[in-house]
Amino acid sequence: MLDILLLGCAGKMGSAVAQLAREEDARFCIRAGVDCRHDEYTGLFPVFSKIEEINIPVDVVVDFSVPEILTDTIAWCSESGTPYVVGTTGISSAQCKVLESASRQIPIFQSSNMSLGIYVLNELALYAQKLLGEEFDIEIIEKHHSRKVDAPSGTALSIARSLREADRALFFTYGRNGKKPRAKDEIGIHAVRGGTIAGEHDLLFAGADETLTLSHAATSRMVFARGALRAAEWLVRQPAGKYTMKDLIGA
């Protein structure tokens, strides 16, 4: 059984991970959680306000909290030698460097989206970009629930960055207003917020007289919870290093 410390356990994603872990009780156990709303939590495991308060041995940390506590979490994991699964989005470039540095000491798995389908969508997008070339304009539209605080989504940015790595001339335009034509080398990124949408991403490759659309829709947060637990189960068997969905899928 894998003993897990769950960060952001009172949030929507944390609750989904906890529920799925209970359903898979022969494989996973949430030993403790960390959440700023710890006083309101009435779950089946102890919840603390700060990771520094944890004195319960665990095999891995799964994080769906907020970027503000990332530095403290990295320090705790590094000191305790605990593998770290990072599902938190909105992480700064400076924090990414801290994660890279910590991965020399402990195994760290980071993904802005834990869905296997999103990984495949990203790979298909790269293949489409290679085949279609610069004659096709690229637009990304992402849709999420009304309570999501970061926009655009980490997934949309991750896909856009992958496409830019394949073509350094590309740049990003966030939304669009005013009166000017679309630049040839831009990727348009658009965020929609409303209702209880779990997560939808559409990639448009628009050429002369034809459009190719690649789409992924998550019907519930369980798809992300399932991916996070799979990553945690895999990560504890890995040496120190920085890992992504590409490593997990190829394993």
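The text that follows walks through the structure, step by step, so that each part is easy to find.

Conventions used here
Residues numbered from 1 in each chain as written. Predicted model: local features only at pLDDT ≥ 70, side-chain atom pairs only at ≥ 80, totals over all residues. Heavy atoms only, no water. Disulfide = S-S within 2.5 Å. Salt bridge = Lys/Arg side-chain N within 4 Å of Asp/Glu carboxyl O. Helix = DSSP H or I, 4+ residues; strand = E, 2+ residues; numbered from the N terminus. Buried < 20%, exposed > 50% of the residue type's maximum accessible area, 1.4 Å probe, protein only. Phe/Tyr/Trp six-rings, centres within 6.5 Å; stacked < 30°, edge-to-face > 60°. Pairing = 2+ DSSP bridges. Core = buried A, V, L, I, M, F, W, Y, C linked by side-chain atoms within 4.5 Å. Contact = heavy atoms within 4.5 Å. Axes fitted to C-alpha atoms, helices over the stretch in contact; angles between N-to-C directions.

Let's shift gears to the state of the cysteines. Applying the stated rule across the entire model yields zero disulfides. Unpaired in this structure, C96 has its nearest cysteine sulfur neighbour in C77, at a distance of 16 Å.

Quick look at the pattern of salt bridges now. In this structure the tally under the stated criterion is 11 salt bridges. Two residues, E233 and R27, come together in a salt bridge whose shortest N-O distance is 2.6 Å. Here E233, found in helix α6 (residues 222-235), pairs with R27, found in the loop between α1 (12-23) and β2 (28-34); they are 206 residues apart in sequence, far enough to count as distant. For K143, the salt bridge is made with E200, and the minimal N-O distance between the two is 4.0 Å. Of this pair, K143 sits in strand β7 (residues 137-144) while E200 is found in strand β10 (residues 199-207), placing the two residues 57 residues apart along the sequence. By relative accessible area, which is 28% here, E200 ends up partly exposed.

Glancing now at the packing of aromatic side chains. Here the structure, examined in full by the defined rule, presents three aromatic pairs. Pairing F172 with Y174 gives two aromatic rings, centres 6.3 Å apart and planes at 85 degrees, and the pair type is edge-to-face. Grouped by ring-pair contacts, the aromatic residues F109, W234 and Y243 constitute a single cluster.

Buried residues dominate strand β1 (residues 2-7), accounting for six of its six residues. Side-chain alternation along β1 places L2, I4 and L6 on one buried face and D3, L5 and L7 on a second face that is also buried. Relative to β2, β1 is paired through six bridges, and the arrangement is parallel. Paired with L6 across the strands is G33, a residue of β2. In the sheet, β1 pairs with strand β4 (residues 60-63) via four bridges, with the strands oriented parallel. Residue pairing across strands places I4 opposite V60, the latter belonging to β4.

This next bit is on the sheet that holds strand β5 (residues 84-86). In spatial order, the strands read β3-β2-β1-β4-β5-β6-β12; together these seven strands make up an open sheet with parallel pairing. With one partner strand each, in any of the chains shown, β3 (47-48) and β12 (241-243) form the two edges of the open sheet.

It is worth spelling out the nonpolar core at this point. Residues I4, V62, V85 and F109 are the most contacted members of the largest nonpolar core, which totals 35 residues. Of all the secondary structure elements, the ones that give two or more residues to this core are β1, α1, β2, β4, α6 and α7 (245-250). Per-element accounting of this core gives the leading share, nine residues, to α6. Those residues in contact with V62, other than ones at most four positions away along the chain, are I4, L5, L6, L7, V85, A228 and A232. If you look at the next biggest cluster of nonpolar residues, it comprises 20 residues, including L70, C77, Y84 and I106.

Moving on, we get to the sheet that holds strand β9 (residues 186-193). Strand order in the open sheet formed by five strands is β8-β9-β7-β10-β11, with mixed pairing between adjacent strands. For this open sheet the edge positions go to β8 (171-174) and β11 (210-218), each flanked by a neighbour on one side alone. Each neighbouring strand pair of the sheet contributes to a mean axis angle of 20 degrees, computed without reference to strand direction. By the bridge criterion, four bridges tie β8 to β9 in an arrangement that is parallel. Counted as the bridge partner of T173 is G188 from β9.

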